[in-house]
Amino acid sequence: MASSDERERSNRRTEGDLEAQLLTLYADRERLHRELGTADPDEILAMIRSLEAQLDALYREKENTFVRRRGSNGSSNGRG
């Protein structure tokens, strides 16, 4: 069985670990707020989904432009 001193050291170590984790959490949230303007998970997820939708639209437009150009050239002659 652990002595009283050992339990006390273990408790202080656990408290220190929790404090370090909390400080890291606050630092991460501050960075998110500074870089993205928010640290709210729902807002960040909405931003990511919006960017995904914009990227999908960009790829679709690029593909449509490519298809239209190939169609207006008639046959493919190997040029861009």
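Heads up: the structure comes first, above all this text.
Calculation notes
Residues numbered from 1 in each chain as written. Predicted model: local features only at pLDDT ≥ 70, side-chain atom pairs only at ≥ 80, totals over all residues. Heavy atoms only, no water. Helix = DSSP H or I, 4+ residues; strand = E, 2+ residues; numbered from the N terminus. Buried < 20%, exposed > 50% of the residue type's maximum accessible area, 1.4 Å probe, protein only. Areas by Shrake-Rupley, 256 points an atom, 1.4 Å probe, with all protein chains shown as cover. Lys, Arg positive; Asp, Glu negative; His and termini not counted. Charge placed at Lys NZ, Arg CZ, Asp CG, Glu CD. Salt bridge = Lys/Arg side-chain N within 4 Å of Asp/Glu carboxyl O. Patch = residues over 30% accessible without salt bridge, like charges linked within 9 Å, V, L, I, M, F, W, Y side chains within 5 Å. Expected span 1.5 Å × (residues − 1). Polar contact = N/O pair within 3.5 Å; in protein donor to acceptor, adjacent residues only side chain to side chain.

Brief notes about the overall build of the protein
Next up, step 1: Secondary structure assignment for the protein yields two helices and zero strands.
Next up, step 2: With the C-alpha coordinates of the protein rotated into their principal frame, the extents come out at 85 × 30 × 15 Å.
Next up, step 3: Out of the 80 residues in the protein, the part that is buried amounts to 4%.
Next up, step 4: Surface accessibility of the protein: about 7500 Å² in total, with carbon and sulfur atoms responsible for 51%.
Next up, step 5: For the protein, the separation between the mean place of its 14 positive charges and that of its 16 negative charges on side chains is 12 Å.

Remarks on the pattern of salt bridges
Next up, step 1: For the coordinates displayed, the defined rule picks out two salt bridges.
Next up, step 2: Put simply, glutamate 8 and arginine 12 hold a salt bridge, and the shortest N to O gap is 3.8 Å. Separated by four residues within a single helix, glutamate 8 and arginine 12 lie in helix H1 (residues 4-36), roughly one turn from each other.

Description of a nonpolar patch on the surface
Next up, step 1: A cluster of nonpolar side chains, namely Leu22, Leu25 and Tyr26, defines an oily patch on the protein surface of about 310 Å² accessible area.
Next up, step 2: The residue tyrosine 26 is located in helix H1 in this model.

Comments concerning H1
Next up, step 1: Here H1 is 33 residues long and its end C-alpha atoms lie 47 Å apart, about the 48 Å a rise of 1.5 Å per residue gives.
Next up, step 2: Among the residues trailing H1, glycine 37 stands out with phi positive, at a value near 85 degrees.

Overview of the environment of glutamate 43
Next up, step 1: In this structure, glutamate 43 sits in helix H2 (residues 41-72).
Next up, step 2: The class of glutamate 43 is partly exposed, set by a relative accessible area of 44%.
Next up, step 3: Within the structure, glutamate 43 has its side chain in polar contact with the side chain of threonine 38 (distance 2.9 Å).

Observations concerning the side chain of threonine 38
Next up, step 1: Of note, threonine 38 is situated in the loop between H1 and H2.
Next up, step 2: Overall, threonine 38 belongs to the buried group, its relative accessible area being 6%.

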